[in-house]
Amino acid sequence: MGIQDRKNEHLNLFKAFDLSHTEKTNGFEMWDWVHSETRDISLDEIDPSVSFLGYDLSFPFMIAAISGGTDEGNRLNQELAEIAESERIPMGTGSIRCVINKPDLAKAFYEIRDIAPDVPLIANIGIAQILAEESRKEILRFMKESRYDALAVHFNKIQEMIQKDGDRDFKGIMAGLKALADSADFPLITKGVGHGFSREDIHYLCETGIRFIDTGGAGGTSWAKAERFRNGDTSVRNPVDSMGISTAECLQTVLSVCPAMYPIAGGGIHDGYDTAKALALGARLVSAASSVYKAWLNNGKSGVSNHIRTRKNILKQIMFLTGFRNMETFRGNPKLLRRINDRF
């Protein structure tokens with residue numbers, strides 16, 4: 001089966017099934033807000049803007065990679081790029097693996113930069129696709145010609161193991177990652193895909209020199225479940241479906257193990273409340289894909305725009321209720337949240 005066929009199947013799975021973790025949450029429910037009634041503050045002065053990769057953003061939210069390389073995926077990316085530019089937020093595209101195999105497919109990816117010239121664009125590739133030197137050269141060529149700002153390298157061992165035509169050989173991945181990082185003039189973002197990173201993983205990535213990480217923790221989409229359903233097994237559960245570490249725990253581990261890393265909280269960041277909690281716990285940025293795609297399926301571009309604006313408005317309301325005017329004072333502030341219990 002070709003890569004484009006597989007991408008279409010993934011999109012169709014999201015339309016037909018609930019692919020979220022059923023036995024795990026993102027972990028943010030273990031924290032509650034400490035609001036303030038006595039601070040002098042006006043809702044009109046709340047400013048959640050931040051900078052990222054040299055761009056000014058309206059608030060710290062990124063549309064994570066969803067798809068690309070197919071008719072539907074390309075149309076989705078083009079419309080999301082228009083929204084990202086309008087809302088001043090970063091955007092990730094689907095995997096560029098198809099471009100490495102078929103360079104003629106690159107045009108649709110290149111056009112995204114013309115649609116969104118003033119926001120960060122993040123390309124995406126699987127860790128198993130950077131093992132070969134020739135593949136790394138093709139990736140470097142794509143990044144130069146596309147004018148994208150960074151490359152997300154996703155770690156998806158569970159997904160590939162279950163996928164019928166998936167990669168099984170992950171020997172040498174860290175050497176490949178370091179080789180790519182050493183030759184790249186753009187940042188690499190290591191990215192989870194719904195199962196997160198362990199403490200050991202984060203330590204190893206830090207030692208390798210990686211400075212950006214998207215946690216991609218458990219709590220949102222389970223790609224193990226997605227691939228199992230794609231194989232025709234739609235039974236209620238499978239133990240592998242819920243393997244992984246919650247996004248909240250991954251985030252806290254990044255902050256404690258490698259303070260020099262730029263933590264992006266991804267994985268089950270469903271709405272503005274999750275967005276605000278992730279930022280209060282110390283994330284520099286949050287990312288989401290599934291909720292954005294669902295908004296697009298339900299109501300097209302207007303649905304996505306409303307979803308993003310609602311996230312931003314909820315974040316501003318929580319900043320107002322807790323008494324903090326900007327991200328510099330809000331992010332990672334220990335006064336904002338209290339732990340409900342000692343689950344971690």
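As a reminder, the structure under discussion sits directly above these lines.
Residues numbered from 1 in each chain as written. Predicted model: local features only at pLDDT ≥ 70, side-chain atom pairs only at ≥ 80, totals over all residues. Heavy atoms only, no water.

### Topic: unusual backbone geometry
Okay, step 1: One non-glycine residue with positive phi stands out, namely Leu-53, at about 55°.
Okay, step 2: Mapped onto the secondary structure, Leu-53 falls in the loop between strand E2 (50–52) and strand E3 (55–57).
Okay, step 3: Phi at Arg-147 takes a positive value of approximately 65°, unusual for a residue other than glycine.
Okay, step 4: With respect to the helices and strands, Arg-147 occurs in the loop between helix H5 (133–146) and strand E7 (150–155).
Okay, step 5: Residue classification places Arg-147 among the partly exposed residues on the basis of a relative accessible area of 45%. (Helix = DSSP H or I, 4+ residues; strand = E, 2+ residues; numbered from the N terminus. Buried < 20%, exposed > 50% of the residue type's maximum accessible area, 1.4 Å probe, protein only.)

### Here's the deal with the environment of Leu-297
Okay, step 1: Topologically, Leu-297 is positioned in helix H12 (residues 290–322).
Okay, step 2: The exposure class of Leu-297 is partly exposed, given its relative accessible area of 33%.
Okay, step 3: If we skip the residues at most four places from it in the chain, Leu-297 touches Lys-15 and Glu-72. (Contact = heavy atoms within 4.5 Å.)

### Concerning the pattern of salt bridges
Okay, step 1: Enumeration over the complete set of coordinates arrives at 15 salt bridges.
Okay, step 2: A salt bridge links Arg-113 to Asp-149; the nearest nitrogen and oxygen atoms lie 2.5 Å apart. A residue pair is termed long-range when its members are at least 10 positions apart, and Arg-113 in helix H4 (residues 106–115) and Asp-149 in the loop between H5 and E7 qualify at 36 residues.
Okay, step 3: Look at Arg-113 and you get buried, because its relative accessible area is 4%.
Okay, step 4: When the shortest N-O distance is used, the salt bridge between Asp-182 and Lys-178 registers 3.0 Å. Here Lys-178 and Asp-182 lie together in helix H7 (residues 173–183), a separation of four residues that amounts to about one turn.
Okay, step 5: Relative accessible area serves as the criterion here: at 58%, Asp-182 is assigned to the exposed category.
Okay, step 6: When its relative accessible area of 40% is taken as the criterion, Lys-178 is described as partly exposed. (Salt bridge = Lys/Arg side-chain N within 4 Å of Asp/Glu carboxyl O.)

### With respect to the nonpolar core
Okay, step 1: Formed by 96 residues in total, the largest nonpolar core has its most connected members in Leu-151, Leu-177 and Phe-330.
Okay, step 2: At ten residues, H12 tops the list of elements feeding residues into this core.
Okay, step 3: Excluding its chain neighbours within four sequence positions, the residues that come into contact with Leu-151 are Ile-96, Ile-122, Ala-123, Asn-124, Ile-125, Ile-139, Met-143, Leu-180, Phe-186, Pro-187, Leu-188 and Ile-189. (Core = buried A, V, L, I, M, F, W, Y, C linked by side-chain atoms within 4.5 Å.)

### Some details on the pairing of strand E11 (residues 285–288)
Okay, step 1: By the alternation rule, side chains of E11 split into Leu-285 and Ser-287 and Val-286 and Ala-288, which are all buried.
Okay, step 2: Relative to E11, strand E4 (residues 61–63) runs parallel, the two sharing three bridges. Note that in E11 the partner of Met-62 across the bridge is Ser-287.
Okay, step 3: One ladder, built from three bridges, connects strand E10 (residues 262–266) with E11; its direction is parallel. Residue pairing across strands places Gly-266 opposite Ser-287, the latter belonging to E11.
Okay, step 4: In this view, the connection linking E10 to its parallel neighbour E11 by way of helix H11 (residues 272–281) has right-handed handedness. (Pairing = 2+ DSSP bridges. Right-handed = clockwise from strand over helix to strand, strands pointing away.)

### Observations regarding the packing of helix H2 (residues 71–87) against H12
Okay, step 1: Two numbers describe how H2 lies on H12: the axes approach to 10 Å, and their chain directions differ by 10°. Taken together, the axes of H2 and H12 are roughly parallel relative to one another. Contacts between H2 and H12 pair Glu-72, Arg-75, Leu-76, Glu-79, Leu-80, Glu-82, Ile-83 and Glu-87 from the former with Val-292, Tyr-293, Trp-296, Leu-297, Lys-301, Val-304, Ser-305, Ile-308 and Arg-309 from the latter.
Okay, step 2: Counted by class, the contact of H2 with H12 contains nine nonpolar, one polar and seven charged residues. (Axes fitted to C-alpha atoms, helices over the stretch in contact; angles between N-to-C directions. Parallel < 35°, antiparallel > 145°, perpendicular 65-115°, else oblique. Nonpolar A, V, L, I, M, F, W, Y, C, P; charged D, E, K, R; others polar.)

### Focus: the state of the cysteines
Okay, step 1: One pass over the structure, following the stated rule, counts one disulfide.
Okay, step 2: For Cys-250, which is in no disulfide, the shortest distance to another cysteine sulfur is to Cys-258 and amounts to 14 Å.
Okay, step 3: For Cys-250, a relative accessible area of 1% gives the class buried. (Disulfide = S-S within 2.5 Å.)

### Describing the side chain of Glu-227
Okay, step 1: Along the polypeptide, Glu-227 turns up in helix H9 (residues 223–230).
Okay, step 2: Engagement of the side chain of Glu-227 in a polar contact is seen with the side chain of Gln-159, the distance being 3.1 Å.
Okay, step 3: At a separation of 2.8 Å, a polar atom in the side chain of Glu-227 contacts the side chain of Gln-163. (Polar contact = N/O pair within 3.5 Å; in protein donor to acceptor, adjacent residues only side chain to side chain.)

On their own, these measurements won't tell you what the molecule is for.
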